[in-house]
Amino acid sequence: MLIKGDASPVIETAHGGLKKVFLKNGDVPHLTQVAHGEIVNVGSTEQYAHAHETMWEVYYILAGVARYVVGDAIHEVRPGDVVAVPPKTRHFQDVLEAPHRFLYWGVAVDGPSTQ
């Protein structure tokens, strides 16, 4: 399977930014999404805090500096870091240096994802 980046749609994220979706739910078993996300402004995405009932969300940080609030934990991330968010765990970002860019994967664990 080949995914052409310039043919992938750009949509708004649940975190208040934009994402380019390379793979979506149903394209690959247990994979709900592979996308490139970007938050262009410094500030918190707490207003978009959410959890996925049946999906792990894994972020690979490409640019910027941010704090990822994952449940009760706070992780300061920089390019090259990876953050894994378990299912049913509330999460959001506080962007400290923008733009904040990341690749992320959604992996279903118990049936279809909420995203």
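Everything numeric here is computed off the predicted structure, so don't read it as measured data.

Colleague: Explanation requested: the overall build of the protein chain in the structure shown.
Modeller: A count of helices and strands for the protein chain gives zero helices and eight strands. Start at the N end of the protein chain and walk to the C end: the helices and strands fall as β-β-β-β-β-β-β-β. Taken over C-alpha atoms, the radius of gyration comes to 13 Å for the protein chain, in line with the 13 Å a tight globule of 115 residues would show. Each principal axis of the C-alpha atoms in the protein chain carries an extent, and together these give about 35 × 30 × 25 Å. Across the 115 residues that make up the protein chain, the buried fraction comes to 39%. Put simply, of all contacts in the protein chain between residues at least 6 apart along the chain, 64% involve residues at least 24 apart.

Colleague: Before we go on, may I ask you to explain a nonpolar patch on the surface in this structure?
Modeller: Together, Trp56, Tyr60, Leu62, Val82, Trp105, Val107 and Val109 make up a nonpolar patch on the protein surface, roughly 550 Å² of accessible area in all. Where the nonpolar patch is concerned, the elements lending two or more residues are β5 (55-70) and β8 (91-108). Here the nonpolar patch takes three residues from β5, the largest share from any one element. Looking at the secondary structure, you find Trp105 in strand β8.

Colleague: Explain the side chain of Glu57 here, please?
Modeller: Relative to the helices and strands, Glu57 is located in strand β5. Lys19 provides the closest opposite charge to the buried, unpaired Glu57, separated from it by 6.3 Å. In terms of polar contacts, Glu57 uses its side chain to reach the side chain of His52, at 3.2 Å.

Colleague: In this structure, what is going on with the environment of Val28? I would like to understand it.
Modeller: In this fold, Val28 is placed in strand β2 (residues 18-28). On the basis of relative accessibility, which here comes to 29%, the residue Val28 falls in the partly exposed class. Along the backbone, Val28 and Ala73 are 45 residues apart, and their C-alpha atoms lie at a distance of 30 Å. Excluding residues within four positions of it along the chain, Val28 makes contact with Met1 and Leu23.

The rules we used
- Every chain's residues receive numbers from 1 upward, in the order its sequence appears when written.
- For this predicted model, a pLDDT threshold of at least 70 governs which residues receive local features, and a threshold of 80 or more governs which side-chain atom pairs are given and counted, while totals over whole chains, interfaces and linings are taken from all residues.
- Hydrogens and waters are ignored; side-chain quantities use all the structure's heavy atoms.
- What counts as a helix is a DSSP run of H or I of at least four residues, what counts as a strand is a run of E of at least two, and both are numbered from the N terminus.
- Computation of the radius of gyration draws on C-alpha atoms, with the globule rule given as 2.2 Å multiplied by the number of residues to the power 0.38.
- Here the term buried applies to any residue with accessible area under 20% of the maximum for its type, exposed to any over 50%, and partly exposed to those in between, with areas from a 1.4 Å probe on protein chains only.
- Residue contacts are counted whenever heavy atoms from the two residues lie within 4.5 Å of one another.
- Two distance rules govern patches: like charges are joined within 9 Å, and nonpolar side chains (Val, Leu, Ile, Met, Phe, Trp, Tyr) within 5 Å, applied only to residues with over 30% relative accessible area and no salt bridge.
- Only the protein chains shown count as cover for residues, and all accessible areas are computed by the Shrake-Rupley method using a 1.4 Å probe.
- Every case where a carboxyl oxygen of Asp or Glu lies within 4 Å of a side-chain nitrogen of Lys or Arg is listed as a salt bridge.
- His is not counted, nor are the chain ends; Lys and Arg add positive charge and Asp and Glu add negative charge.
- Two N or O atoms form a polar contact when they lie within 3.5 Å of each other; inside protein one atom must be a possible hydrogen donor and the other a possible acceptor, and for residues adjacent in sequence the pair counts only when both atoms belong to side chains.

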